[in-house]
Amino acid sequence: MEVRTRMAPSPTGEYHVGHIRTLMYNYAFARQNKGKFILRIEDTDRERYVPGAVERIQDVIKMMGFEWDEGPGAGGPHAPYTQSERLDLYKKYALELVEKGHAYYCFCTEERLSKLREEQKASGSEFTKYDRLCLNLKKEEIEEKLKTGVPHVIRMKVPDNEDISFDDLILGKITINTSSVDDQVLLKTDGFPTYHMAVVVDDHLMKITHIMRGNDWVPSTPKHVLLYRFFGWEPPAFVHLPNLKEVEGTRKLSKRYGSVSVIEFLTEGYLPVALNNFLMFLGWNPGTEKEIYSMEEFIKDFSVDHIQKTDLVAFDRQKLLWINGMYIRNMPAEELWKELQIWAKRFDVFLHGKDAGEKVVYSILDLVKDRMKLLSEYNSLVHYFFEDPAIEKEELFSYVSDVSRGKEILEGFKSLFLEVKEWDVSKLDAIAHEFIASKEYKPKEAFMTLRIVLTGETATPQIFDILGILGKESVLKRLDSALKI
Ligand code: GLU
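These notes cover the structure that comes with them. Quick caveat: nothing in here was measured; it's all calculated off a predicted structure.

As for the pattern of salt bridges
Tallied over the entire structure, the rule returns 31 salt bridges. Measuring nitrogen to oxygen at the nearest pair gives 2.8 Å for the salt bridge that ties Glu42 to Arg40. In this structure, Glu42 and Arg40 share a single accessibility class: buried. Of the charged contacts, one joins Asp43 and Arg46 as a salt bridge, the two residues approaching to 3.8 Å between their closest N and O atoms. The class for Asp43 is buried, based on a relative accessible area of 5%. Relative accessible area serves as the criterion here: at 35%, Arg46 is assigned to the partly exposed category. Connected through salt bridges with shared partners, the residues Arg6, Arg40, Glu42, Arg86, Asp202 and Asp203 form a single ionic network.

Details of the layout of surface pockets
Taken as a whole, the second largest pocket holds about 350 Å³ of empty space. Lining the second largest pocket are 20 residues; nearest its centre among them are Met63, Met64, Gly65, Pro272 and Val273. Put simply, the parts of the chain that give the lining of the second largest pocket at least two residues each are helix H2 (53-63), helix H9 (272-280) and helix H12 (333-346). For the lining of the second largest pocket, the class distribution of residues is 14 nonpolar, three polar and three charged.

Some points on the environment of Lys91
Looking at the element boundaries, Lys91 is found in helix H3 (residues 87-100). Taking the C-alpha atoms as reference, Lys91 lies 23 Å from Thr12; in sequence the two are 79 residues apart.

Focus: the side chain of Ser261
Mapped onto the elements of the fold, Ser261 is located in the loop between strand E10 (243-246) and helix H8 (262-268). Take Ser261: its relative accessible area is 6%, and that puts it in the buried class. With residues near it in sequence (within four places) discarded, Ser261 still touches Glu14, Tyr15 and His16.

Cut-offs and rules
Residues numbered from 1 in each chain as written. Predicted model: local features only at pLDDT ≥ 70, side-chain atom pairs only at ≥ 80, totals over all residues. Heavy atoms only, no water. Salt bridge = Lys/Arg side-chain N within 4 Å of Asp/Glu carboxyl O. Buried < 20%, exposed > 50% of the residue type's maximum accessible area, 1.4 Å probe, protein only. 1 Å grid on protein atoms, 1.4 Å probe; cavity = no way out; pocket = protein on both sides within 12 Å on 5 of 7 lines; lining within 4 Å. Points joined across faces, edges and corners; volume = space filled by probe spheres on them. Helix = DSSP H or I, 4+ residues; strand = E, 2+ residues; numbered from the N terminus. Nonpolar A, V, L, I, M, F, W, Y, C, P; charged D, E, K, R; others polar. Contact = heavy atoms within 4.5 Å.

Structure follows, in structure tokens:
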């Protein structure tokens, strides 16, 4: 049997990092088993529909490096893969259930239903349920109402007080009694199916073999299991994954603590490979010490047995930042430059060095990448290589006892560098040290002052490396402008 997994996003907002984690597991499982990974758009909730979200979700999935074998754009034997284009199908199946006596028409108004909910709440019920008023309508009454176009829904007839069980590959056997299950609406007044209806029909028709999704869907699964039974279909395997939480307590990921959507993380300058590597471990681990995983390795090592049997896993933002920095540090300059260019283009960000030669940019990257944790830090780490720094007098002389000593040091450096014929980093290092020793300057006062002149910063890579890249002309120019201050 071909393994077929799916990711089924709803275009109700921006794509969340948790969604990518779930997508990755589905993707890896399909790839590992030489199966198919399907993308399906579940856009049946018209009230929560966000215009443009369908396109943005697909873009983000691609930005993160994933592609789907079947789905929007890719096509496939079960097209269309967008639920709003499959409405006739859901209607047909809903009517089949009515026919079989597993579903019924309900003509109750929203007013009546909300009143009912209020009453049930007021009487202290644990959960609110439809009271099945319409279940008792006579055939003729139903036909009359349908003929005159009375707005209606189709509801599933959930058996009374029955234990519904299913085997979850991670959580084991789960049993939920139907006394807590409402007669779920399957087809809404607007002719759209509900999620529960569409998900079952599509997972069946699209021959999905494994459903991997967040464990917030566990309580809904009995409804799905019942629908499979009503239709006489074999349910797929269920794999419910832990959801993500902030490190503190049991809070869901929240904007209060930082980014939540994938696009926000990418905008901030997280590398897709690093973000993926971090997300892989939110619910799964290989059972070894290995922490750095490429997607190929993950596809090889991923296994459902190693998914954590827990409700929530902590999304450690500090760790993510650390991993990102590590990826940046270990990336060859050439590759890092490519990533920076992709990022800048994608988010319309100006990038220093775009017009400088690649060689120069590579050597600058080699100098600064140890300090870079996010792509977005690049400009502020390299600006002084490309533009004269703005320097305040107070800052310039903050490492010397007084202005005249500062001036003397800078003048000394100027005459020293003026004489240099071969502008070479180790030579510059040697003569500069000789110079300050002969004058008995403290290395800190001399080099910090020089550093501020050249970069406007107090924390930078090795000053001689900077001198080397800047070149004689621009070093002398910056010394001159500082002396004018
Ligand atoms: N459309 C659902 C969602 O947005 C899919 C849930 C599932 O995977 O069954 O989460």
